[in-house]
Amino acid sequence: MTTLKKPGSELPLEQLENVVIRFAGDSGDGMQITGNQFTLTSALVGNDLATLPDFPAEIRAPVGTRPGVSGFQLQFSSNDIHTPGDAPDVLVAMNPAALAVNLSSLKAGGIVVVNTGSFKETDLRKAKLDTNPLEDGSLDAFRVIPVDINQRVLDALSDSELSKKDKTRCKNFYTLGLMYWVYSRPLEPTMEWLGEKFAKKPELRDANRKALQSGYNAGDIHELFQGRYEVPKTDELPAGTYRNINGNQAVAMGVVAGAQLAGLRPVLGSYPITPASTILEELAGLKRFGVITMQLEDEIAAICAAIGASFTGSLGITCTSGPGMALKSEAMGLAVSAELPLLILDIQRAGPSTGMPTKVEQSDLLQAVFGRNGDTPMPVLAVSSPSDALEVTIEACRIAVEYMTPVILLSDNFIANGSEPWLLPDVAALKEFPVQFATDPEGHQTYKRDAKGSRPWVKPGTPKMAFRIGGLEKDTDGNISYEPDNHQAMTNQRHQKVLNVADTYPPTEVVGEAEGDLLVLGWGSSKGIITQASIDSCQAGRKVSRLHLRNIWPLPKDLDEILTGFKAILVPEMNMGQLTRVLRSEMPQHNFISYSKVTGQPFLVSEITDKIARILED
Amino acid sequence: MANQATLTKKDFQSDQEVRWCPGCGDYVILSAIQKYMADVGADPSQVVFVSGIGCSSRFPYYMNTYGFHTIHGRAPAFATGIKAANPELDVWLVTGDGDAMSIGGNHFIHLLRRNINMNLLMFNNQIYGLTKGQYSPTSPEGTRTKTSPMGTIDRPFNPISLALGANGTFVARTLDTDSKHMAWIFAAAHKHQGTAFVEILQNCVIFNKDFYDDTVAKDVRAEKTIDLIPGEKMIYGAESEKGLLVKGWDVQVCSAEDADVWDAGTESSAPAFLMSQMDDDPNLPMPLGIFRSVEATCYDKAVNQQIEEAIAKEGPGDLKELIWSGNCWEID
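## Quick look at the overall build of chain A
Step number 1: Per the secondary structure count, chain A includes 20 helices and 22 strands.
Step number 2: Radius of gyration (C-alpha) of chain A: 27 Å, near the 25 Å computed for a compact globule of 618 residues.
Step number 3: With respect to the principal axes defined by its C-alpha atoms, chain A has extents near 90 × 60 × 50 Å.
Step number 4: Expressed as a percentage of the 618 residues in chain A, the buried residues total 53%.
Step number 5: When contacts within chain A are restricted to residue pairs at least 6 apart in sequence, long-range pairs at least 24 apart make up 76% of them.

## Some thoughts on the packing of helix H4 (residues 149-156) of chain A against helix H8 (residues 202-221) of chain A
Residue and element names in this part refer to chain A.
Step number 1: Axis separation between H4 and H8 bottoms out at 10 Å; the angle between their running directions is 115 degrees. At the point where H4 passes H8, the crossing takes the right-handed sense. Contacts from Arg 152, Val 153 and Ala 156 of H4 reach H8 at Lys 210, Ala 211, Ser 214 and Ala 218.
Step number 2: Along the lines of polarity and charge, the residues of the contact of H4 with H8 split into 4 nonpolar, 1 polar and 2 charged.

## Some remarks on the domain arrangement of chain A
Reports of interface size often rely on the accessible area that becomes lost once the parts have come together.
Residues and elements named next belong to chain A.
Step number 1: One can read the domain layout of chain A as domain 1 (13-230), domain 2 (243-429) and domain 3 (516-617).
Step number 2: Here the C-alpha centroids of domain 2 and domain 3 sit 26 Å apart.
Step number 3: Taken together, the contacts link 22 residues of domain 2 with 22 residues of domain 3.
Step number 4: Secondary-structure elements contributing two or more residues to the side of domain 2 that touches domain 3 are helix H13 (365-370), strand S14 (380-382), strand S15 (406-412) and helix H15 (413-417).

## Brief notes about the interface of chain A and chain B
Step number 1: Each partner contributes to the interface: chain A provides 61 residues, whereas chain B provides 52 residues.
Step number 2: Breaking the side of chain A that touches chain B down by element, the ones donating at least two residues are helix H1 (31-45), strand S9 (240-246), helix H9 (247-262), strand S10 (266-270), strand S11 (292-295), helix H11 (299-311), helix H12 (322-338) and strand S17 (468-470) of chain A.
Step number 3: Per-element tally for the side of chain A that touches chain B: the top contributor is H11 of chain A, with 9 residues.
Step number 4: As paired elements, S9 of chain A and strand S14 (residues 328-331) of chain B share 4 bridges and run antiparallel to each other. Pairing of Tyr 242 of chain A across the sheet is with Trp 329 of chain B, part of S14 of chain B.

## Brief notes about the pairing of strand S4 (residues 118-124) of chain B
Sheet faces and side chains relate simply in a regular strand, where the side chains alternate between the two faces.
All names here are of chain B.
Step number 1: Of all 7 residues in S4, 7 are buried; the element is thus mostly enclosed.
Step number 2: Judged by which residues are buried, S4 turns out to be covered on both faces: Met 118, Leu 120, Met 122 and Asn 124 on one side and Asn 119, Leu 121 and Phe 123 on the other are all buried.
Step number 3: As paired strands, strand S3 (residues 90-96) and S4 are joined by 5 bridges and run parallel to one another. Paired with Leu 93 across the two strands is Leu 120, which belongs to S4.

## So, the confidence of the model for chain B
Step number 1: Predicted confidence across chain B gives a mean pLDDT of 96, with 98% of residues reaching 70 or more.
Step number 2: For this predicted complex, the interface score ipTM comes out at 0.97, alongside a pTM of 0.94.

## A closer look at the sheet that holds strand S21 (residues 566-573) of chain A
All names here are of chain A.
Step number 1: What the 4 strands build is an open sheet, ordered S19-S18-S21-S22; its pairing is parallel. Every interior strand has two partners, whereas the edge strands, strand S19 (545-549) and strand S22 (592-596), have only one. Ignoring which end each strand starts from, the neighbouring axes of this sheet average 25 degrees apart.
Step number 2: When strand S18 (residues 516-523) meets S19, the two strands line up parallel, connected through 5 bridges. Paired with Leu 519 across the bridge in S19 is Ser 545.

## Description of the nonpolar core
In summary, soluble globular proteins display a tendency toward joint burial of nonpolar side chains.
All names here are of chain A.
Step number 1: Counting 202 residues, the largest nonpolar core has Ile 307, Leu 343 and Leu 409 as the members making the most contacts within it.
Step number 2: Looking at this core element by element, the count peaks at 10 residues for H11.
Step number 3: When residues of this core are sorted by domain, at least three fall in each of domain 2 (243-429) and domain 3 (516-617).
Step number 4: Those residues in contact with Leu 343, other than ones at most four positions away along the chain, are Val 255, Leu 315, Ile 317, Ala 396, Cys 397, Ala 400, Val 407 and Leu 409.
Step number 5: Core analysis: the second largest hydrophobic core is formed by 53 residues, Ala 50, Ile 81, Leu 91 and Leu 99 among them.

## Quick notes on the confidence of the model for chain A
Regions with low pLDDT carry predicted coordinates that are not meant to be interpreted in detail.
Step number 1: In this model, chain A carries an average pLDDT of 95, and 98% of its residues clear a pLDDT of 70 or more.
Step number 2: Considering only residues more than four positions removed or in separate chains, one finds that residues 1-5 of chain A, a stretch of pLDDT under 50, has 3 contacts.

## Quick look at unusual backbone geometry
Step number 1: Omega for the bond connecting Thr 274 of chain A with Pro 275 of chain A falls within 30 degrees of zero, at 0 degrees, which places this linkage in the cis form.
Step number 2: Considering the arrangement of structural elements, one finds Pro 275 of chain A in the loop between S10 and helix H10 (277-284).
Step number 3: Its identity is not glycine, yet Lys 132 of chain B carries a phi of approximately 80 degrees, on the positive side.
Step number 4: We classify Lys 132 of chain B as exposed; it has 11 C-beta atoms within 10 Å.

## Considerations on the pairing of strand S12 (residues 250-255) of chain B
Step number 1: Note: strand S11 (residues 242-247) of chain B against S12 of chain B, 6 bridges, orientation antiparallel. Residue Lys 247 of chain B lies in a different strand from S12 of chain B, and its bridge partner there is Asp 250 of chain B.

## A look at the packing of H1 of chain A against helix H7 (residues 188-197) of chain A
Axes are the key here: two packed helices are described by the angle between their axes and the distance separating the axes.
All names here are of chain A.
Step number 1: Their axes nearest at 9 Å, the elements H1 and H7 cross at an angle of 130 degrees. Our classification of the angle between H1 and H7 gives oblique. Seen from above, H1 lies across H7 with right-handed handedness. Across the interface between the two elements, Gln 37, Leu 40, Thr 41 and Leu 44 of H1 pack against Pro 189, Thr 190 and Trp 193 of H7.
Step number 2: Here the residues of the contact of H1 with H7 are counted per class, giving 4 nonpolar, 3 polar and no charged.

## Observations regarding the sheet that holds strand S5 (residues 90-93) of chain A
Residue and element names in this part refer to chain A.
Step number 1: Taken together, the 6 strands give an open sheet; going across it, the order is S3-S4-S2-S5-S6-S7, and neighbouring strands pair in mixed fashion. Of all the strands in the sheet, the pair left with one neighbour each is strand S3 (48-54) and strand S7 (143-147). Neighbour to neighbour, the strand axes of the sheet diverge by 15 degrees on average, direction disregarded.
Step number 2: Where S5 lies against strand S6 (residues 111-115), 4 bridges are found, and the strand directions are parallel. Directly across from Val 92, in S6, lies its bridge partner Val 113.
Step number 3: Across the sheet, H1 touches strand S2 (18-26), S3 and strand S4 (69-77), and the angle it forms with S4 is around 10 degrees.

## Digging into helix H2 (residues 75-85) of chain B
Step number 1: In terms of burial, H2 of chain B is largely enclosed, as 11 of its 11 residues are buried.
Step number 2: Listing the buried residues of H2 of chain B in full gives Ala 75, Pro 76, Ala 77, Phe 78, Ala 79, Thr 80, Gly 81, Ile 82, Lys 83, Ala 84 and Ala 85 of chain B.

## Overview of helix H6 (residues 171-182) of chain A
All names here are of chain A.
Step number 1: For H6, with 12 residues, the first-to-last C-alpha span of 17 Å sits near the 16 Å given by 1.5 Å per residue.
Step number 2: Among the residues of H6, those classed as buried are Lys 171, Asn 172, Phe 173, Tyr 174, Thr 175, Leu 176, Gly 177, Leu 178, Met 179, Tyr 180, Trp 181 and Val 182.
Step number 3: Positive backbone phi, at 50 degrees, marks Ser 184, one or two positions downstream of H6.

Basis of the calculations
Residues numbered from 1 in each chain as written. Chains lettered and ligands numbered in written order. Predicted model: local features only at pLDDT ≥ 70, side-chain atom pairs only at ≥ 80, totals over all residues. Helix = DSSP H or I, 4+ residues; strand = E, 2+ residues; numbered from the N terminus. Rg over C-alpha atoms; globule rule 2.2 N^0.38 Å. Buried ≥ 20, exposed ≤ 12 C-beta atoms within 10 Å, placed from the backbone. Contact = placed C-beta atoms within 7 Å. Axes fitted to C-alpha atoms, helices over the stretch in contact; angles between N-to-C directions. Left-handed = near helix turned anticlockwise from the far one by under 90°. Nonpolar A, V, L, I, M, F, W, Y, C, P; charged D, E, K, R; others polar. Domains from an automatic or database assignment. Pairing = 2+ DSSP bridges. pLDDT = per-residue confidence, 0-100. Core = buried A, V, L, I, M, F, W, Y, C linked by C-beta atoms within 7 Å. Parallel < 35°, antiparallel > 145°, perpendicular 65-115°, else oblique. Expected span 1.5 Å × (residues − 1).

Have a look at this one:
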């Protein structure tokens, strides 16, 4: 082995506050793992961060083609940040397709690390490029760092007995090592991760570790970069213990926590669907918490089994995405009519129909609020970020059991797969809401309502309390009734019960002035982007306030008065204006401006700041 | 069981007025079930009747037990959730040929595949009753109804064959006109550990009156049907003079002495399937009785066992440990 200089010891170290990096390659290149490892390490270094994984629906689209490009963007910072960043400072492109697809989003003057080993004639053809971007001047505006990663990784692993194919597959760790060198990140967390991941395949563990180390060393040996960078740990985050979390992990924990706080067993009925499947996977691994998970034969069976569980006195849960929501709607109606608690998790993706399964959208809002036959009201809540998900999921459980109602929780692809540091909550301080089952036949009626409008919950198996319920209209005793006045009364009661949920909301929070020219009102995963856009706008001298809705239905009772303080209300949504429609119908006196985006990508901060500027200039 | 000897059939009747058409076969089945429950000393607080949509699916309202009248075709999925969440409950699913074989076909086969420990009573009248007389997936080819004025052109399901194909562990057929036979089958089904599928030929007096009379009417039944009784010779005929024997892939009529003994517990369901296919052969009797009765893992028990195993192995889950796991770091 050649004697190494201490890596990077003679190169200048520049401090940066923020870096946005995007790893892009073929679906089989391991870009999601690379991104996740960079994320993990940056979190452990103490940076604030936000991520945006962006991958195709196909598991392996044809190699080297544009549809097969998988990307992972993250922003890491020594400041308190709210988004994965609008435009990358650094693009790592593993092949021509990845370069072609991602180059337009790169910042002017940004760095492109290119794997030149994958820029042969055939690679260019697969990416539908007539000329080689490394030679045709299309990269002139950027700092290009050409590295033949394919060859370098083979050289580094020349001693290994792995096949050439297996050696080549280590190239993502070589790349990761190189980027760790550039940004002065420690190798240990990934080394450790590789040790766990390949515990049973030591040859793969060693090869990947060697690739990582070689990539790191290469930064120094080959003098690819003029200097290294450092993004110091943030001191802007509140003190406490943190971990990195993605939305689906946090929702799964919320399900366990919510059921425990209610004193119930969680029973999940589910059918795999992107991007909700990982909730089923997470919960299937939590059997020691008493969680029952059932992978049913279809979306309908999944919700029906969950309702069956609720019928027995467990907390039924189902998780799905838009197309599955559509299939479940008849069963949701039964849960509303029978008045049984149920948690419905809708991890939204781009529609209509199958749409774009791995891309983000917020277009199930109207389906969630109104999409059922009959007058079928149901509370709807929305998660705004991975670190918000535990609390909102618990809140959804509370509403479900306290009001004996199905509750829909909306999340989306951006939250589900995106991750961020999460200030861990004080678990002992989580408020319990234990369920009291009815056991006394004296004066009991199946649909006798309490002050909240909620009916009693009886567990089958309880002596002398046998009841029959179903989807036919019933009277207070639970018996079938087609009486005109009874149907009117029951419909009113179901409607009022759901409206009563708003009595338990905390006051709605406005960030910024309580009155002004413009309020930005958002919901769901655009919270971070709206937050950053509002901060940027204020810094640019444009006064805006912001409000983020957690409770989509029923709307908070104080919302109307809050909106009165603003001349205009901007509602950015990743749909064609669905929340705006609800707001306009419920509170028609306000001036709502819908800002719609449905590209399958989150809003950029700059899109919102530009929109704010245009509105305020008018 | 609780309350043994103190409860009568009447105790299993709810206070609701039964609203089936006069003469409907459902009345007899309801009465047979209520009597069976009383006879075995069932505890009404442990019993749940689940149903989908259709005439038969009103059944739970008339039982003084727990009941859940759900949505069309999906009752098996509700029952699966009920049993997984509480395997102690004694669950009976009541469905019809439309509910189970048509809109609920998918859930039907998966219920049998999972072998949930419960009873599935399918009332087969070969017609849609509640929607007023359209053909069903069990209507014989050529059936003329309002939606098939020139006769049906789709081939019907044979419910027994379908249940066997779905790996049903208990498959039986009985008759709404024979309370004694029903009681025998209900007892065997109830005793079975797993999904017990019982097809009950049931008369729809309005839209498909006496459709089964050619085979099961009093005067022809002995000649036209055979009772499959596990462990007993396959014998039928007015004088019990005829028998069945299986030769190769064929079922043949023989004398009573030469008849084979019926074995419902063979590892392969092929013999039961052969029997089920006799329905289509005019020269062979239609089988009633128990086609198949074998043991297999019950999903509802197994799903709870896995939880116990996980707790035994990893200890009971701790919420703080779960949330505060993974790579944590401190910010001061």
